[in-house]
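Fold and contact review
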Amino acid sequence: MRLRNIPGSREAIASSEFVVHEDVMKEKRGCWNQVFGNDRPLYIEVGMGKGRFITELALQNPQNNYVGIEKYSSVLLRALEKRSALTDLDNLLFLRMDAEELPLVFGEGEVSGIYLNFSDPWPKDRHAKRRLPSREFLARYDQILKPDGKVEFKTDNRGLFDFALDQVKEAGWRLDACTFDLHHDAEMMRGNIMTEYEERFSSQGNPICKLIISR
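Numbers given to residues run from 1 along each chain, matching the order in which its sequence is written. Only residues with pLDDT of 70 or above have their local features reported here, since the model is predicted, and side-chain atom pairs are shown and tallied only from 80 upward, although totals for entire chains, interfaces and linings are computed over all residues. For the side-chain quantities, the full set of heavy atoms in the structure was used; hydrogens and water were omitted.

Quick look at the nonpolar core now. Judged by nonpolar contacts, the single largest core of 38 residues is most densely connected at Ile-44, Leu-102, Phe-106, Ile-114 and Tyr-141. Helix and strand definitions follow DSSP, with helices as H or I runs of at least four residues and strands as E runs of at least two, each counted in order from the N terminus. Looking at this core, the element that brings in the most residues is helix α8 (residues 158–171), giving six residues. Discounting chain neighbours no more than four positions away, the residues touching Ile-44 are Val-67, Ile-69, Leu-102, Phe-106, Val-111, Gly-113, Ile-114, Tyr-115 and Ile-144. We call a set of buried Ala, Val, Leu, Ile, Met, Phe, Trp, Tyr and Cys residues a nonpolar core when their side-chain atoms join them within 4.5 Å. Three exposure classes are used, based on accessible area relative to the maximum for each residue type with a 1.4 Å probe and protein chains only: buried under 20%, partly exposed in between, and exposed over 50%. Formed by 18 residues, the second largest nonpolar core is a distinct cluster that contains Ala-58, Leu-76, Leu-89 and Ile-193. By definition, residues are in contact when any of their heavy atoms lie within 4.5 Å.

Here it is in structure tokens:
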């Protein structure tokens, strides 16, 4: 998917009070409790897109803190527009960064849970290590997750989902829950928050796959 550059998006992100900057967090790695000013559990969404999922999650769960991570400025700007309208929301911040840098901005065992939603499939084999559910990324998640932390992954791409299942086994993680048709699985649909992509794909009749894993 080609992303349209939006003039001024980088400047808007740089000046926003809701964006924490990567270089700052590299200096304060492991100090997200100080950033939020409390000791609530911390959850992150990697590749949050326009932010619908994590914004709704933060609204529904004020007892937790949330950080949405997106590397494309033009996409992050859309999430920021949603966030800016919610002046009373105090538990959601954003980072513009590449997911490969996660262990540099989050401390060991600092994160309670990670959400991956409709991630880029990187279809060419030579790019497999760039896929967010790859064993290379699972190793990064392992560094920042609490011992009982979980990773939740949703996609409509069956090939990517099968790849993710293989990676779980290869990396020695535990598959806690799995479905190949989320919207017809009453148990796993409980509390489900749809992303923009999920709403679009499911309306077209595409089954949504989901897994939950831990170590």
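From this point on, the discussion continues.
In this section: the packing of aromatic side chains. How two aromatic rings sit relative to each other is set out by the distance from centre to centre and by the angle between their planes. Only Phe, Tyr and Trp rings take part, Trp by its six-membered ring, and two of them pair if their centres are within 6.5 Å. Stacked means planes under 30 degrees apart, edge-to-face means over 60, and tilted covers everything else. Using the criterion set out here, one finds ten aromatic pairs in the structure. Taking the centre distance of 6.3 Å and the plane angle of 35° together, the rings of Tyr-43 and Tyr-115 count as tilted. A residue pair is termed long-range when its members are at least 10 positions apart, and Tyr-43 in strand β1 (residues 42–46) and Tyr-115 in strand β4 (residues 111–117) qualify at 72 residues. The same class applies to Tyr-43 as to Tyr-115, namely buried. Geometrically, the ring pair formed by Phe-137 and Tyr-141 is tilted, given 6.1 Å between the ring centres and 35° between the ring planes. Here Tyr-141 and Phe-137 lie together in helix α7 (residues 135–144), a separation of four residues that amounts to about one turn. Judged on exposure class, the residue Phe-137 and its partner Tyr-141 are both buried. An aromatic cluster is built from Tyr-43, Phe-53, Tyr-66 and Tyr-115, whose rings are joined through pairwise contacts.

Bringing the environment of Asn-192 into the picture now. Position of Asn-192 relative to the elements: it lies in the loop between α9 (186–189) and α10 (196–203). Excluding its chain neighbours within four sequence positions, the residues that come into contact with Asn-192 are Lys-154, Leu-182, His-183 and Glu-198. One polar contact links Asn-192 to Lys-154, side chain to side chain, over a distance of 2.9 Å. A 3.5 Å cut-off defines polar contacts: any pair of N or O atoms within that distance qualifies, except that in protein one atom must be a possible hydrogen donor and the other a possible acceptor, and neighbouring residues in sequence count only when both atoms are side-chain atoms. In terms of polar contacts, Asn-192 uses its side chain to reach the side chain of Glu-198, at 3.0 Å.

What follows covers the layout of surface pockets. Here the term cavity refers to a set of points on a 1 Å grid, laid over the protein atoms alone, in which a 1.4 Å probe fits but cannot get out; the term pocket refers to an open set having protein on both sides within 12 Å along at least five of seven lines, with lining residues being those that place an atom within 4 Å of a point. Grid points are joined across faces, edges and corners, and a volume is the space filled by probe spheres set on the points. There is about 340 Å³ of room inside the second largest pocket. In this structure, the second largest pocket is lined by 19 residues; those nearest its centre are Tyr-115, Glu-152, Gly-191, Lys-210 and Ile-212. Secondary-structure elements contributing two or more residues to the lining of the second largest pocket are α4 (52–60), β4, β5 (145–155), α9 and β7 (209–214). Among the elements that take part in the lining of the second largest pocket, β4 stands out by supplying five residues, more than any other. Each residue gets one label: Ala, Val, Leu, Ile, Met, Phe, Trp, Tyr, Cys and Pro are nonpolar, Asp, Glu, Lys and Arg are charged, and the others, such as Gly, are polar. Residue composition of the lining of the second largest pocket, grouped by class: eight nonpolar, five polar and six charged.

Attention now goes to the sheet that holds β4. Two strands in a sheet stick together by hydrogen bonds in their backbones, pointing the same way (parallel) or opposite ways (antiparallel). Here, a strand pair is defined by DSSP locating no fewer than two bridges between the strands. Taken together, seven strands build an open sheet; the order of strands is β3-β2-β1-β4-β5-β7-β6 and the sheet is mixed. Taken across any chain shown, the strands that pair with only one partner, and hence form the sheet edges, are β3 (92–96) and β6 (174–179). For this sheet, the mean inter-axis angle between neighbouring strands, taken without regard to orientation, is 15°. Judged from the six bridges that link them, β4 and β5 form a sheet pairing that is parallel. The residue of β5 that forms the bridge with Tyr-115 is Glu-152. Its contacts with the sheet put α8 on β5, β6 and β7, and the angle it makes with β7 is roughly 15°. Simply put, an axis is a line fit to the C-alpha atoms, just over the touching stretch for a helix, and the angle between two N-to-C directions goes from 0 to 180 degrees.

Orientation of α7 relative to α8, taken along the N-to-C sense of each, is 55°, at an axis distance of 9 Å. One way to sum up the angle between α7 and α8 is to call them oblique. Where α7 crosses over α8, the two elements pack in a sense that is right-handed. Listed contacts from α8 to Arg-135, Glu-136 and Leu-138 of α7 are Gln-167, Val-168, Glu-170 and Ala-171. Working rule for angles: under 35 degrees goes down as roughly parallel, over 145 as roughly antiparallel, 65 to 115 as roughly perpendicular, anything else as oblique. Crossing chirality is assigned from the near helix's rotation relative to the far helix, an anticlockwise turn below a right angle marking it left-handed and a clockwise turn marking it right-handed.

This part is about the side chain of Thr-179. For Thr-179, the location among the structural elements is in strand β6. Within the structure, Thr-179 has its side chain in polar contact with the backbone nitrogen of Asp-181 (distance 3.1 Å). Engagement of the side chain of Thr-179 in a polar contact is seen with the side chain of Asp-185, the distance being 3.4 Å. Setting aside chain neighbours within four positions, we find Thr-179 in contact with Phe-161, Asp-185, Met-188, Ile-208, Cys-209 and Lys-210.

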